[in-house]
Amino acid sequence: MRIHAEELLTFLAVAEAGGVGAGAQILRRSQPAVSERLRALQAAVGEPLYQRAGRGIRLTAAGESLLPYARRLREGLGEVEN
């Protein structure tokens, strides 16, 4: 399975916002749409990227290791736009 840029950017927004609902608001997407992208990304990676923690999330080791790649993707896309 392939990893898509939109899935990584969704993961990044959720990780930085601290929760799926907050990430969905930032992305102006529905929470179910964001959850579906996260499920697809986790399936591609093959392991959980976060755990629910109260009303938010806590990244797993796999999620922490993916975070720098997602940030570089966002930076690269920003450079292209500029």
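Our subject is the structure listed above.
Residues numbered from 1 in each chain as written. Predicted model: local features only at pLDDT ≥ 70, side-chain atom pairs only at ≥ 80, totals over all residues. Heavy atoms only, no water.

(A) Focus on the nonpolar core. One finds F11, V20, L38, L49, Y50 and L59 to be the most contacted residues of the largest nonpolar core, which totals 18 residues. Of all the secondary structure elements, the ones that give two or more residues to this core are α1 (5–17), α2 (20–27), α3 (31–45), β2 (56–59) and α4 (61–81). With five residues, α1 is the single largest residue contributor to this core. Leave out the neighbours within four places in its chain, and L59 touches F11, A15, L49, Y50, E64 and L67. (Core = buried A, V, L, I, M, F, W, Y, C linked by side-chain atoms within 4.5 Å. Buried < 20%, exposed > 50% of the residue type's maximum accessible area, 1.4 Å probe, protein only. Helix = DSSP H or I, 4+ residues; strand = E, 2+ residues; numbered from the N terminus. Contact = heavy atoms within 4.5 Å.)

(B) A look at the pairing of β2. Bridging between strand β1 (residues 50–53) and β2 involves four bridges; their strand directions are antiparallel. Looking at β2, one finds that Q51 is bridged to R58. The loop that links β1 with its antiparallel partner β2 comprises two residues; one of these, G54, has a positive phi angle of about 65 degrees. (Pairing = 2+ DSSP bridges.)

(C) Molecular detail of the packing of α2 against α3. Running from N to C, α2 and α3 point in directions that differ by 105 degrees, and their axes come no closer than 9 Å. Taken together, the axes of α2 and α3 lie roughly perpendicular to each other. Touching V20, G21, A24 and L27 of α2 are Q31, V34, S35 and L38, all from α3. Taken together, the residues that form the contact of α2 with α3 break down as five nonpolar, three polar and no charged. (Axes fitted to C-alpha atoms, helices over the stretch in contact; angles between N-to-C directions. Parallel < 35°, antiparallel > 145°, perpendicular 65-115°, else oblique. Nonpolar A, V, L, I, M, F, W, Y, C, P; charged D, E, K, R; others polar.)

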